[in-house]
Amino acid sequence: MPTENLTHILFSNWQHTLQPFGVDQVAADKAFYPLIAAYSTPDRYYHTLKHIDRILSTIEILQGYTNNLAAVQLAAWFHDVVYDSQSQDNEERSADYASELLSNLGIPETIITTVTRLILNTKDHQAAVNDYDSQVLLDADLGILATDSVQYREYSYAIRQEYAWVAEEDYIRGRQQVLEGFLRRSHIYFTPLMLEFAEPSARGNIQGEIQSLLSG
């Protein structure tokens, strides 16, 4: 999808998400373009606007499981707004970014608190049993793991590009640890829909990537 078309789609989505809060239109528009710029930096290969669009589309499918759909959508917008593969505090900085911007837009404090909590939960991709909003966001964020083999290869290659500064041997070891961590879980996904339809594909893709990493 051309970037211009994607930006247009995301702009409509952004306006729709903010509409219930009565945000000033000029302020909403002004906040949108720094977000677009943040997700469009040249060091990003996976954590891009395409990633945000995919997450928002998946949230739309899973919205029936949410308690606060708007908060989940806003968290999706901001969860990777700060992304540096050499940093350990991306989620915390993204949550701070979201808190400041949403506060400036006049979003209620209760919503902002939920949004920041959801963003922080993307750090370890863990959610409490009754935290349905986090479950939906995390399932959407990890939806890429269950895509077809071509898209999955594109995803894994894009991740490698974002870690181009890491030596091959170190990357293989670190990536393997991350992937095996997902396989050790009793379930990767939380929502019934993703658990039933995405879980088997995700596990197959992850196992395939591990084999590919080890075979060189």
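Structural data are supplied above this passage.
Note that the coordinates shown come from a computational prediction; the quantities given were computed from them, not determined experimentally.

Colleague: Looking at this structure, I do not really get the packing of aromatic side chains. What am I missing?
Modeller: The final tally for this structure, using the stated rule, is 12 aromatic pairs. Where Y163 meets Y171, the ring centres are 6.2 Å apart and the plane angle is 45°; that geometry is what we call tilted. Overall, the relative accessible area of 24% leaves Y163 in the partly exposed class. Taken together, the ring pairs in this structure connect F11, W14, F32, Y33, W77, F78 and Y97 into an aromatic cluster. One cation-aromatic arrangement involves R160 over Y171; the distance from NZ or CZ to the ring centre is 4.3 Å.

Colleague: Help me understand the nonpolar core in this model?
Modeller: It is characteristic of soluble globular proteins that their nonpolar side chains tend to be buried jointly. W14, W77, F78, L102, L105, V115 and L145 are the most contacted members of the largest nonpolar core, which has 63 residues in total. Broken down by element, this core gets its largest block of residues, 7 residues, from helix α4 (residues 69-78). Leave out the neighbours within four places in its chain, and L145 touches Y152, Y155, I188, Y189, S201, A202, N205 and I206.

Colleague: Which parts of the structure should I look at to understand α4?
Modeller: An α-helical segment advances 3.6 residues per turn. Residues three or four places apart therefore align on the same side. A large share of α4 lies buried, amounting to 9 of its 10 residues. All buried positions along α4 are accounted for by A70, A71, V72, Q73, L74, A75, A76, W77 and F78. Where α4 is buried, its residues touch α1 (3-18), α2 (25-38), α3 (49-62), α5 (90-104), α6 (109-121) and α7 (132-141).

Colleague: Quick question: what am I supposed to make of the layout of surface pockets here?
Modeller: Unfilled space is identified by rolling a water-sized probe across the atoms. A volume near 1,100 Å³ is recorded for the largest pocket. Surrounding the largest pocket, 36 residues form its lining, Y83, E91, K123, Y163 and V178 being those nearest its centre. Of all the secondary-structure elements, those providing two or more residues to the lining of the largest pocket are α5, α8 (149-162) and α9 (168-184). Top contributing element to the lining of the largest pocket by residue count: α9, with 9 residues.

Colleague: Help me understand the pattern of salt bridges in this model?
Modeller: Think of it this way: side chains of opposite charge can pair up when their charged atoms draw near. Considering all chains together, one arrives at 9 salt bridges under this definition. With a shortest N-O distance of 3.0 Å, E168 and R160 are connected by a salt bridge. On the basis of relative accessible area, E168 is assigned to the partly exposed category, the value being 48%. Judged by relative accessible area, R160 falls into the buried class, the value being 18%. In this structure, the salt-bridge partner of E209 is R175, at a minimum N-O distance of 2.8 Å. With a gap of 34 residues between them, E209 in helix α11 (residues 199-215) and R175 in helix α9 connect regions that are remote in the sequence. With respect to class, E209 is no different from R175; both count as buried.

Colleague: Help me understand unusual backbone geometry in this model?
Modeller: Among all residues save glycine, negative phi is the norm, and among peptide bonds the norm is trans. Although it is not a glycine, H125 sits at a positive phi angle of roughly 50°. Within the fold, H125 resides in the loop between α6 and α7. H125 sits in the buried class, given a relative accessible area of 12%.

Colleague: Even after reading the chapter, I still don't get the side chain of Q73, so can you show me in this structure?
Modeller: Looking at where Q73 falls in the secondary structure, it is placed in helix α4. Residue Q73 is classed as buried on the basis of its relative accessible area, which comes to 17%. Those residues within four positions of Q73 in sequence are excluded, and the remaining contacts are T17, L56 and I59.

Rules of the game
- Residues numbered from 1 in each chain as written.
- Predicted model: local features only at pLDDT ≥ 70, side-chain atom pairs only at ≥ 80, totals over all residues.
- Heavy atoms only, no water.
- Phe/Tyr/Trp six-rings, centres within 6.5 Å; stacked < 30°, edge-to-face > 60°.
- Buried < 20%, exposed > 50% of the residue type's maximum accessible area, 1.4 Å probe, protein only.
- Lys NZ or Arg CZ within 6 Å of the ring centre and 35° of its normal.
- Core = buried A, V, L, I, M, F, W, Y, C linked by side-chain atoms within 4.5 Å.
- Helix = DSSP H or I, 4+ residues; strand = E, 2+ residues; numbered from the N terminus.
- Contact = heavy atoms within 4.5 Å.
- 1 Å grid on protein atoms, 1.4 Å probe; cavity = no way out; pocket = protein on both sides within 12 Å on 5 of 7 lines; lining within 4 Å.
- Points joined across faces, edges and corners; volume = space filled by probe spheres on them.
- Salt bridge = Lys/Arg side-chain N within 4 Å of Asp/Glu carboxyl O.

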